[in-house]
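Coordinate analysis (summary)
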Amino acid sequence: METTRERTGATGSSDALAGAGMMIEALGVGHDYRAPGLAPTPALIDTDLRVREGEFVALVGPSGCGKTTLLNAIAGLVMPSRGRITLAAAPVTGIRADVGYMFARDGLMPWRSAIDNVAFGLELRGVAATERRERARKYLALVGLEGFAEHRRGELSQGMRQRVALARTLATEPAVILMDEPFAALDAQTKVIIQDEFLKIWEQFRRTVVFVTHDIVEAVTLADRVIVFSGRPGRIIGEFPVDIPRPRTASGAHDAAFEHLRTEIWTCLRQGMGAP
């Protein structure tokens, strides 16, 4: 089976990306986890990934295949055992201020209000108190929580907490946004609503996004390209441009083209896991 589709103008945002420069390059990346007295455990091998400025790329694959490891390496949280990674042509040697990272759990500080949680990254960057609160308020409004600025974590629903976490990620206005299953903990209805909200925000700002998910429907709905990983040790076994025009909605009806692409990705994923 052919697992990689190479087609000119295949992505829904190809015109917007045609003149975009390369934002992320991961070349020959591999990573081993090491424990005292034990042989190294390879998590990721021989991985090449290039992401253009303003592109939305989704990574799918089985648990433990190295998707999060690659995301952490791009973020500078871990240094890969092999290969190199650059952001905007500069080597990644540690955590960078122009990269935002959103996790599956909201990670909100329960003693802080929503607005102070959103402002936290700005505080770490030394932004003045008045400016950071103004910017935090702007991004809370963007995710539909302008009336909840002074509420604390315990006073917010799970969906609201993830909206606050999203606003916190956006508030630093990063060039690159890394997202590790950010909507996985939500119920199905809330997940679709927040996916739609995030798509509208992304369409407005067009930041470069690398998005890890186990949900193929989510990947096809959100991304310009879907990258498929094998089982551990992970390597890229498929690359699928998404032909569906933007703007899209997660709540919209899925047409035949959507279902065909979802089936192609699922077949590739199953074969990468050794399933018949």
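These lines cover the structure that appears in this document, whether it is placed above or below. (Residues numbered from 1 in each chain as written. Predicted model: local features only at pLDDT ≥ 70, side-chain atom pairs only at ≥ 80, totals over all residues. Heavy atoms only, no water.)

**What about the sheet that holds strand β4 (residues 82-87)?**
Spatial ordering of the open sheet is given by β2-β1-β4-β5, a layout of 4 strands whose pairing is antiparallel. Because the sheet does not close on itself, it has two edges, and the strands there are β2 (41-52) and β5 (90-91). Two strands pair when backbone bridges link them, and strand β1 (residues 22-33) and β2 are joined in this way by 8 bridges, in the antiparallel orientation. Within β2, the position partnered with Tyr 33 by the bridge is Thr 41. Across the face of the sheet, helix α2 (residues 67-75) comes into contact with β1, β2 and β4 while running at roughly 120 degrees to β1. (Pairing = 2+ DSSP bridges. Helix = DSSP H or I, 4+ residues; strand = E, 2+ residues; numbered from the N terminus. Contact = heavy atoms within 4.5 Å. Axes fitted to C-alpha atoms, helices over the stretch in contact; angles between N-to-C directions.)

**Focus on the side chain of Arg 135**
The residue Arg 135 is located in helix α5 (residues 129-142) in this model. Residue Arg 135 is classed as buried on the basis of its relative accessible area, which comes to 18%. A polar contact is formed between the side chain of Arg 135 and the backbone oxygen of Ala 171, at a distance of 3.1 Å. With residues near it in sequence (within four places) discarded, Arg 135 still touches Leu 122, Ala 171, Thr 172 and Glu 173. (Buried < 20%, exposed > 50% of the residue type's maximum accessible area, 1.4 Å probe, protein only. Polar contact = N/O pair within 3.5 Å; in protein donor to acceptor, adjacent residues only side chain to side chain.)

**With respect to the packing of helix α6 (residues 158-171) against helix α7 (residues 188-205)**
Contact pair α6 / α7: the axes reach a minimum separation of 11 Å and the direction vectors enclose 20 degrees. By the angle class used here, α6 and α7 are roughly parallel. With respect to the hand of their crossing, α6 and α7 are arranged in right-handed fashion. On α7, the residues touching Gly 159, Gln 162, Arg 163, Leu 166 and Leu 170 of α6 are Thr 190, Ile 193, Ile 194, Glu 197, Phe 198 and Ile 201. Its residues assigned to classes, the contact of α6 with α7 shows 6 nonpolar, 3 polar and 2 charged. (Parallel < 35°, antiparallel > 145°, perpendicular 65-115°, else oblique. Left-handed = near helix turned anticlockwise from the far one by under 90°. Nonpolar A, V, L, I, M, F, W, Y, C, P; charged D, E, K, R; others polar.)

**Points about the sheet that holds strand β3 (residues 56-60)**
Reading across from one edge, β6-β7-β8-β3-β9-β10 is the order of the 6 strands in this open sheet, with mixed pairing throughout. Both edges of this open sheet fall to β6 (99-102) and β10 (236-241), since each of them pairs with a single strand only. Averaged over all neighbouring strand pairs, the angle between strand axes comes to 15 degrees, with direction disregarded. Examined bridge by bridge, β6 and strand β7 (residues 176-180) share 4 bridges and lie parallel to one another. Within the sheet, the bridge partner assigned to Tyr 101 lies in β7 and is Leu 178. Most of the contacts of α6 go to β6, to which it runs at about 170 degrees, and overall it touches β6 and β7.

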